[in-house]
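Listed here are the chains, written in short residue letters.
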Amino acid sequence: MSKEADSSGNSDGNPSQTISLKAAIKKVVNVTNSTLATFEQTTDESSTAFASRLTSLARQAKYIATRGMATYEQRGNYGPQII
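Just so we're clear, the structure is a prediction, and the values are computed from it rather than from any experiment.

Quick notes on the rules
Residues numbered from 1 in each chain as written. Predicted model: local features only at pLDDT ≥ 70, side-chain atom pairs only at ≥ 80, totals over all residues. Heavy atoms only, no water. Helix = DSSP H or I, 4+ residues; strand = E, 2+ residues; numbered from the N terminus. Buried < 20%, exposed > 50% of the residue type's maximum accessible area, 1.4 Å probe, protein only. Areas by Shrake-Rupley, 256 points an atom, 1.4 Å probe, with all protein chains shown as cover. pLDDT = per-residue confidence, 0-100. Contact = heavy atoms within 4.5 Å. Patch = residues over 30% accessible without salt bridge, like charges linked within 9 Å, V, L, I, M, F, W, Y side chains within 5 Å. Salt bridge = Lys/Arg side-chain N within 4 Å of Asp/Glu carboxyl O. Polar contact = N/O pair within 3.5 Å; in protein donor to acceptor, adjacent residues only side chain to side chain.

Asks: I'd like a description of the overall build of the protein, backed by residues and values.
Replies: Assigned secondary structure in the protein consists of 2 helices and 0 strands. For the protein, the residues scored as buried account for 2% of the 83 residues in total. Summed over all atoms, the accessible surface of the protein reaches about 7800 Å², with 61% contributed by carbon and sulfur.

This is the structure:
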């Protein structure tokens, strides 16, 4: 290993550049995490609203289907008489 290389693999031996690089990486990671958290929160809120509406529609569709099946099964009681 050369005299100029330090233990972190930095060949120029300038610790201020290493510190500023670490600080820059830390800042980018924090901004990325913040952005992803915002996206996740927005997605969760919209998913919850969508699921709530979908549940309501499914409940109404089930009621309509049940009523339709009951009406269809009673068709023989009210059909035209064959003479």
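Asks: Which residues make up the confidence of the model for the protein, and what are the values?
Replies: The pLDDT averaged across the protein works out to 80; a share of 80% of its residues lies at or above 70. Ignoring residues within four places in sequence, the model shows residues 1-10, a span with pLDDT below 50, making 8 contacts including any to other chains.

Asks: Quick rundown of a nonpolar patch on the surface? Include the residues and the values.
Replies: On the surface, Leu 21, Ile 25 and Val 29 cluster together into a nonpolar patch covering about 270 Å² of accessible area. Relative to the elements of secondary structure, Ile 25 occurs in helix α1 (residues 15-73). Classification of Ile 25 by relative accessible area gives partly exposed; the value is 48%.

Asks: Kindly report on the environment of Thr 66, identifying the contributing residues and their values.
Replies: With respect to the secondary-structure elements, Thr 66 resides in helix α1. Here Lys 62 takes part through its backbone oxygen, which lies 2.8 Å from a polar atom of the side chain of Thr 66.

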